[in-house]
Number of protein chains: 4
Amino acid sequence: IPCSYVKQGQNAKLAHQNKIRLLLEKKKIPDDGWDDMSIELLLQELAVMDSNNFSGNCGVGEREARVFSNLVSQRHYRFGHGIGRSGEITAVQPKAAGSSIMATLTNKLALHAIKLAGITLVKKCFVVPMATGMCLTLCMLTLKQKRPTARFVIWPRIDQKSCLKSISTAGLEAVVIENKIEGDELRTDVEAIEDKIAELGAENILCVLTTTSCFAPRTPDRLEEVGAICKEKDVPQLVNNAYGLQCSKCTHLVQQGSKTRLDLFVQSTDKNFLVPVGGSIIAGFDESLIDNVSKCYPGRASGSPSMDLFITLLSMGVKGYKELLQQRKANYQYMAEKLAETAAMFGEKLLDTKHNGISMALSLSKLDMMSDVSQVTEVGSKLFTRLVSGTRVVAKSGKVTEICGLKMKNFGSHSNSYPSSYLTAAASIGMRKDEVDLFINRLDKVLTNVYTEKNQS
Amino acid sequence: IPCSYVKQGQNAKLAHQNKIRLLLEKKKIPDDGWDDMSIELLLQELAVMDSNNFSGNCGVGEREARVFSNLVSQRHYRFGHGIGRSGEITAVQPKAAGSSIMATLTNKLALHAIKLAGITLVKKCFVVPMATGMCLTLCMLTLKQKRPTARFVIWPRIDQKSCLKSISTAGLEAVVIENKIEGDELRTDVEAIEDKIAELGAENILCVLTTTSCFAPRTPDRLEEVGAICKEKDVPQLVNNAYGLQCSKCTHLVQQGSKTRLDLFVQSTDKNFLVPVGGSIIAGFDESLIDNVSKCYPGRASGSPSMDLFITLLSMGVKGYKELLQQRKANYQYMAEKLAETAAMFGEKLLDTKHNGISMALSLSKLDMMSDVSQVTEVGSKLFTRLVSGTRVVAKSGKVTEICGLKMKNFGSHSNSYPSSYLTAAASIGMRKDEVDLFINRLDKVLTNVYTEKNQS
Amino acid sequence: IPCSYVKQGQNAKLAHQNKIRLLLEKKKIPDDGWDDMSIELLLQELAVMDSNNFSGNCGVGEREARVFSNLVSQRHYRFGHGIGRSGEITAVQPKAAGSSIMATLTNKLALHAIKLAGITLVKKCFVVPMATGMCLTLCMLTLKQKRPTARFVIWPRIDQKSCLKSISTAGLEAVVIENKIEGDELRTDVEAIEDKIAELGAENILCVLTTTSCFAPRTPDRLEEVGAICKEKDVPQLVNNAYGLQCSKCTHLVQQGSKTRLDLFVQSTDKNFLVPVGGSIIAGFDESLIDNVSKCYPGRASGSPSMDLFITLLSMGVKGYKELLQQRKANYQYMAEKLAETAAMFGEKLLDTKHNGISMALSLSKLDMMSDVSQVTEVGSKLFTRLVSGTRVVAKSGKVTEICGLKMKNFGSHSNSYPSSYLTAAASIGMRKDEVDLFINRLDKVLTNVYTEKNQS
Amino acid sequence: IPCSYVKQGQNAKLAHQNKIRLLLEKKKIPDDGWDDMSIELLLQELAVMDSNNFSGNCGVGEREARVFSNLVSQRHYRFGHGIGRSGEITAVQPKAAGSSIMATLTNKLALHAIKLAGITLVKKCFVVPMATGMCLTLCMLTLKQKRPTARFVIWPRIDQKSCLKSISTAGLEAVVIENKIEGDELRTDVEAIEDKIAELGAENILCVLTTTSCFAPRTPDRLEEVGAICKEKDVPQLVNNAYGLQCSKCTHLVQQGSKTRLDLFVQSTDKNFLVPVGGSIIAGFDESLIDNVSKCYPGRASGSPSMDLFITLLSMGVKGYKELLQQRKANYQYMAEKLAETAAMFGEKLLDTKHNGISMALSLSKLDMMSDVSQVTEVGSKLFTRLVSGTRVVAKSGKVTEICGLKMKNFGSHSNSYPSSYLTAAASIGMRKDEVDLFINRLDKVLTNVYTEKNQS
């Protein structure tokens, strides 16, 4: 092979290695996303550094990352050691330099992403291969080590089972703070929180568990005002920011909350970064607190969610990520307009929930008058049959449900007494504009069908 | 294409579909392992059933399993929904029939595997995408719901950080039971357990946390005798069976323990089934208790460890799995013989730890006499440099370490006062016989080097 | 798993199977491109039908499609039998129903693609795993069986080595017909062809080998007028349509040629359909002639180029393919405008070659005056160094080259005496518009550098 | 990440790079096969060197190796340029240093493999992406350039269609030399060849086309004795060594043939090296002749068969390849014994064809007496139905078939008058011993069924 050809090839190789060097130095998401080839090459070069891939290695320990199936080995790019050590989930492994670099780097890239999303004051974070609920439990168990006698969690009501479970699994008791109805919105009752803390005694309270991302008509909690109380009473604020990174309304709240008091915020990787379900990012404004949470995770863990995020952030690049955030915002506007038009045609309205930047709700008041509860909920299943996934119909029922020992009325509506039934829909990251059109079109058909039928009968 | 050719092709397709039907009906590991093609085809056929892969689907929820990177999508065979629901990790998902079938089936196959390993009385189990330590925490938190005031965990000493962490993260206090030295072995002090329960009061004790798989010269705990006390005092027994499934000595103990009292036992998927780090199986003899643990995991979780196990068990088949178990046993015998020979050449001995069927230890008594602690530990790092991974050198040091608030002497040796230094090695599942030879050969070189050097200096 | 979930999943599966059924019935490129998952699933379902994938098969032949390497097996989706039989490359294989269906279907999809590209009258075609040159040889060898004594190929000059090679490898003699200069263009000298046939005797002429796609300032041959002579003299016309499918100017010529006489036309799969190098499509207007060519290929052949085309056409869909064709046309216009502007800035011009719809040329007349030949060609290598690939600088040199026994003047310029040096560039299928901008930008820099330097020296 | 961990990782990387460096320097198959990870890493490192993978490249040529489908791109490890240039199939490409290195290296590894197989005197070879038949045509067309007036090919009869096609497609005429029956074997009639050359005139003969690997009872041709005549008369000898590399009997003949006269020998990659159908190796003892053949292939070609062979030879290693050759030999012996036993049970015999080391035949003489031709051939289809692929039943029929203009009696039996019907089976490379057992078992069932039935009726 003539030298000149090889030289140009080697230049290309050098360019590739420079890209990697830059990543290792800057520990930031690259401006332009990487192509798949570059990502795979980096992963393979890291894998070579793990002992299970050393040629001539002989393993006489109890865990040597041997992998039986070739399919399994390939799908993990031949990584086998997971992440973390028995001491700590963010610790590096002597046997697995490559895996350790990947995991450490992913945590840095995640930090960069959180900043890009608007929480520029964030100090540290790490990826955990557990969903948001279990991560909240882990955070509470960590807080518990500093507040061993505290047993209550002040909890502005958010009707998600996993949220209540995360409290009860941690061995704690949820103290429900009902939301206030303001216009069409359900908003945090800050005074009630303050009163409850006074009533129970701040020292008996593990934390206030607030929520950002949620289904309309509930809106993200008032983190800054809650934080002010927390600061005054010396009670931690833990935030369930499940899918809030994608929305500047939520990230702004988290950022502002940090100015009063906000200890930890947790978000899912799948909902914010378009990876399969399975990982979360635990983040905060105090490095040592984050280290404490990391030390509470006993032992190694799956590296799979970290790898997914690693690949994805490299692939997106800063530009790609920002573009996705902008598209989401635009889709939200577009869907709101279209939904308002559709609502008008059936004598309903788009609820006015401007504090919620992701989810929106369409009233089903007329249907409430025409039919019983089961017929209202039918709207949802009819949409599902027409391949619309993700809408939720919340019907006024007055039903009481018991969850984790708590009796809750109208569970699913975040309120004991919301005035009407409604249907929710969300504009999430990664949605395409044509999906909005499809949705509106199918919704129109279903509503026409339901409303006409009812009128005739 | 002539009909006869197509017909033979369709017969092949039918044969394949029958294989799948059989799997779905029997929910057992097939006798003969499946080839990779069949496994991939099954995974793809399941993936088609998940809503994120429906063509024409329009998703307006907050979580629609969209995946940004094609690499990520492919490595998960286009599954995106993870496993479980907000209520429960073993719940099925409306949006993801394929993922749900995969996860449910994996739990059944895991149950079959546990039976094959010797615990035939096991009733139910499920795969969790968390390492053993975090699973033990989850089990303790579950037990805590029934025993809310209990705060102690009786813990026959086993020097693994993650084990202590699992207790402290659960907000509990470990009560150390020192091991008894019997011959060369470190064994459970059953009487001390009984005394300690009496001293603290059974109602204050959450559980006894026993261990099977461990480094020699410690041996698996006496589960049956401990269980007898637990039964009498009504205290749960929780077993850390981390890599014990691979060894009939351990599985026999678990099986026998169930005849007195043994509530839950936890094992890692990577150490027992040759998959990447990241999953565990929580199992037990009482279905409702297992359901309770499952319900305590708040929310969805990564399906990646389940998928790895699913692929691996289908690929092994019953025959392949049994063969691996037999090979391991044979390798253990072979390594013990070879190590005894090597020991003899240097005036050392293979410690007599016949109750431990996985790990073995070679005394370093002469080295204790010749040199100081740091030189003893050097043996380990010299082996690592020669690409022997997994040995551990435990030197007599008398050093006191603080872990999770506990002060422990000679941490790593499972004992305050083991008489000599030693080096451990294990015969784990998946090891090849030639690795034993390599190990012995390299060990011989290192010992020659160290012992000669010491003699001369 | 609840029935309703499974049912929706099975509906999805059914939808997928319907898609496949439709493909098998219609044997046409689907309107909307398939997603990768559907394509992979289809390939795997076909692979199951090949005997090398039958479970329980025992092979005692000399060729059983055993594949040693798992990597190799996977990259061919576990197909191993190739295509064709010893008799004929389009024959089906008893041992490989799946491979046979894939290959047969690909030929049908290719036929559909050719029609979409504008040659609606085409009757039959097949994919061959050989590049265009070798396919032309195969076509000539086939024609030779009907015209055993013919030994000349009338060849309107096109300066591609492989073209001459294809003639000489077939054991034939190329008779060069120089092109006529018309304006800036080099065009077919139809009269010269007629004269030459008369001179040599039609019975001694195997065929006229014309060309469509070519570098400007040469233009596609006048197929219809050449065909008229061929018809009159009963001489076959064979067309090298290498990358002509992507351009309606070329496909129109082939279509029109068929109305006088045009026997076979050959095109590459990589240049027209964006697959890796390696395949061609041999097509024509007479089914039995195509069958004859197929029967001349002795033995089996690689199925890899067929598989690439199969995947690609399914992935593109009719819509995707048409879109690519339109984009290419738009890029051509855009590049022509931009190049004309650039030319003007340096006192050069874009040659007026409107009959060539893919390639265009920028005169380098001033450079001819300023410098010697080696400096002219430097423009090309300077562009290559700046990562512009694919331009060609043709310098007036007067040099005579011998190829396959023919002495040719100014080889590379398609002419003994083109008046100026020039640089060519092409707007090919798959090019992105921003590549045009990049090219113009880099060209501007190189020309500035070269022209300024020359002026100063 | 601590330095010491990274250092060990980098050592591993260095070890990997040394392995690659060694390969590039020695250009030989490594002694020990490479693991899949190393192979993939090498392929990706090479792919980076191809211009289609340069980041920032802008392509304005007519062929830029753009690939539409991600699936296609991945399965070729992102190589797109194929191999060769318009001039020559072994030429390197300026745009594709990586592809060129891969292709060049593969040719060297193939040469090494041929030597390992026993033809130590071989001088040069190259891989062509065409099956054996088409390669024979290419060889003949190359020879034709030196012997333009020759038009006959002397052809010791071997009843494979593709063989005759390869001659007629090259525009030549096959002159059949009937085989001699010696004992049970059909062997080359050397005298008849000599006589025929004298009769037709050596100058009119393009070559003698001999065959090594073939179905018993035919045996490999007497290459050395034929070569002696060729040498004397100055006629080339071309050898169809289709699947002969796997058998030392065949490679010995080729080696010996080179000592008299043997110009070129052609073998398939799939049959000798367990890759998918699609490639051949053209080899010889004179470098310049091999170069001539390479120059006759007009244009680029698919790199897919080269890549398959590249991966496979790296994966096998010298040891793995030798082991496969030995296993094959052992299976041949084993099958012969078992088949002789089975034959005896039915009053038949294993034909004594000791000169054929791959294929063997079992007489069906009794069946000839009992039934008509169609019933004899039924034995084959009954075996196929029972999933035995690859056997061939040759029935005495006296039928005359016309192929490529030649009328041949008993086509398929290599003889006008072989005394009995028979069934063939082969012990090919890659066969497992348990397949022999399966075959014998199923054959026994089929013969029992047929012979019993006939006796009863």
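Refer to the structure printed above.
Before going further, it helps to spend a moment on the overall build of chain A. Each helix and strand in chain A was counted, giving 15 helices and 16 strands. Since a compact globule built from 457 residues should have a radius of gyration of about 23 Å, the 25 Å found for chain A is in line with a globular shape. With the principal axes as the frame, chain A shows a C-alpha extent of 80 × 55 × 40 Å. Here chain A holds 457 residues, and 65% of them are scored as buried.

A few words now on the relation of the copies chain C and chain D. Mapping chain C onto chain D is achieved by rotating through 180° and translating by 0.0 Å along the same axis, at an RMSD of 0.0 Å. Seen this way, the second copy is the image of the first under a two-fold rotation axis. Identified as the residue of chain C closest to the rotation axis by C-alpha distance is Arg75 of chain C, at 2.4 Å. When the interface residues of chain C are mapped onto chain D, 100% of them are again interface residues, pointing to one common binding face.

Attention shifts here to the interface of chain B and chain A. The interface is formed by 92 residues belonging to chain B together with 91 residues belonging to chain A. A buried area of about 7,500 Å², summed over both sides, lies between chain B and chain A, and 62% of it is on carbon and sulfur atoms. Joining chain B to chain A, the criterion identifies four salt bridges. Residues Glu435 of chain A and Arg66 of chain B are paired through a salt bridge, measuring 3.1 Å at the closest nitrogen-oxygen approach.

A word on the sheet that holds strand β11 (residues 359-363) of chain B. Residue and element names in this part refer to chain B. Strand order across the open sheet formed by three strands is β11-β16-β13, with antiparallel pairing between neighbours. Of all the strands in the sheet, the pair left with one neighbour each is β11 and β13 (392-394). For this sheet the average axis-to-axis angle between neighbouring strands, irrespective of direction, equals 30°. The pairing of β11 with strand β16 (residues 422-426) spans five bridges and is classified as antiparallel. When the bridges of β16 are listed, Met360 appears paired with Ala425. In the packing of helix α12 (residues 304-345) onto the sheet, contacts are made with β11 and β16, and the angle to β11 comes to roughly 5°. Sitting on the sheet, helix α14 (residues 373-385) is in contact with β13 and β16, with an inclination near 175° to β13.

So, on to the pattern of salt bridges. Residues and elements named next belong to chain A. Overall, the coordinates contain 91 salt bridges over all chains when judged by the stated rule. Asp291 is the salt-bridge partner of Lys124, the closest N and O atoms lying 2.8 Å from each other. On the criterion of sequence distance, the pair formed by Lys124 in strand β2 (residues 124-128) and Asp291 in helix α11 (residues 287-296) is long-range, its members being 167 residues apart. Exposure remark for Lys124: the relative accessible area of 28% places this residue in the partly exposed category. Judged by its relative accessible area of 23%, Asp291 falls in the partly exposed class.

Moving on, we come to the packing of helix α1 (residues 3-26) of chain C against helix α2 (residues 36-47) of chain C. Residues and elements named next belong to chain C. With their axes 11 Å apart at the nearest point, α1 and α2 run at an angle of 70° to one another. Classified by the angle between their axes, α1 and α2 sit roughly perpendicular to one another. At the point where α1 passes α2, the crossing takes the right-handed sense. Each of His16, Lys19, Ile20 and Leu23 in α1 lies in contact with α2, whose residues at this interface are Ser38, Leu41, Leu42 and Glu45. When its residues are assigned to classes, the contact of α1 with α2 shows four nonpolar, two polar and two charged.

All names here are of chain B. With respect to the secondary-structure elements, Arg147 resides in the loop between α5 (132-146) and β3 (152-156). A relative accessible area of 16% means that Arg147 is categorised as buried. Sequence-wise, Arg147 and Leu206 are 59 residues apart; in three dimensions their C-alpha atoms are separated by 6.6 Å. The contact partners of Arg147, leaving out residues within four places of it in the chain, are Ala202, Glu203, Ile205, Leu206, Asp234, Val235 and Pro236. There is a polar contact of 3.1 Å between the side chain of Arg147 and the backbone oxygen of Asp234.

On the side of chain D, 92 residues touch chain C, which itself brings 92 residues to the contact. Across the interface of chain C and chain D, roughly 7,500 Å² is buried in total on both sides, 62% from carbon and sulfur atoms. For the pair chain C and chain D, the interface holds four salt bridges. A salt bridge links Asp308 of chain C to Arg75 of chain D; the nearest nitrogen and oxygen atoms lie 2.9 Å apart. For the pair chain C and chain D, the number of links is 38 residue pairs in polar contact (both at pLDDT 80 or more). Here the side of chain C that touches chain D gets nine residues from one element, more than from any other, and that element is helix α12 (residues 304-345) of chain C.

Time to look at the packing of aromatic side chains. By the definition in use, this model includes 16 aromatic pairs over all chains. Arranged with centres 5.5 Å apart and planes meeting at 35°, the rings of Phe273 of chain C and Tyr321 of chain C form a pair that is tilted. Of this pair, Phe273 of chain C sits in helix α10 (residues 269-273) while Tyr321 of chain C sits in helix α12; the two residues are 48 residues apart in sequence, bridging distant segments of the chain. Neither residue differs from the other here; Phe273 of chain C and Tyr321 of chain C are each classed as buried. When the centroid spacing of 5.5 Å and the interplanar angle of 80° are considered together, the rings of Tyr418 of chain D and Tyr422 of chain D count as edge-to-face.

Scoring rules and cut-offs
Here, residues in each chain are numbered from 1, in the same order as that chain's written sequence. Chain letters and ligand numbers both follow the written order, the letters beginning at A and the numbers at 1. Given that the model is predicted, a residue must reach a pLDDT of at least 70 before its local features are reported, and side-chain atom pairs must reach 80 or more before they are shown or counted; all residues, however, enter totals for whole chains, interfaces and linings. Only hydrogens and water are removed before side-chain values are computed, so all heavy atoms of the structure are retained for them. Secondary structure elements are defined from DSSP: runs of H or I of at least 4 residues count as helices, runs of E of at least 2 residues count as strands, and each element is numbered from the N terminus. Radius of gyration: over C-alpha atoms. The globule rule applied is 2.2 Å multiplied by the number of residues raised to the 0.38 power. Buried means the residue's accessible area, taken with a 1.4 Å probe over protein chains only, is under 20% of the maximum for its type, while exposed means over 50%, and partly exposed covers the values in between. Least-squares superposition aligns the copies on the C-alpha atoms of those residues with pLDDT at or above 70 in both. In this analysis, two residues are considered to be in contact whenever any of their non-hydrogen atoms come within 4.5 Å of each other. A quick way to say it: buried area is the sum, across both parts, of accessible area lost when two parts are put together, with a 1.4 Å probe. Put simply, a salt bridge is a Lys or Arg side-chain nitrogen that is within 4 Å of an Asp or Glu carboxyl oxygen. Two strands pair under a simple rule: DSSP has to find at least two bridges between them. Only the stretch in contact is used when fitting a helix axis, every axis being a line fitted to C-alpha atoms; angles between N-to-C directions are given from 0 to 180 degrees. Should an angle fall under 35 degrees it is called roughly parallel, over 145 degrees roughly antiparallel, and 65 to 115 degrees roughly perpendicular, with every other angle called oblique. Two helices crossing with the near one rotated counterclockwise from the far one by less than a right angle form a left-handed crossing, whereas a clockwise rotation gives a right-handed crossing. By the convention adopted, Pro, Cys, Tyr, Trp, Phe, Met, Ile, Leu, Val and Ala count as nonpolar, Lys, Arg, Asp and Glu as charged, and the other residues, Gly among them, as polar. Within 3.5 Å is the distance limit for a polar contact, defined as a pair of N or O atoms, with the added protein rule that one can donate a hydrogen and the other accept it, and that residues adjacent in sequence qualify only through two side-chain atoms. Between rings of Phe, Tyr and Trp, where Trp is taken as its six-membered ring, a pair exists when centres lie within 6.5 Å; planes separated by under 30 degrees are stacked, by over 60 edge-to-face, and by other angles tilted.

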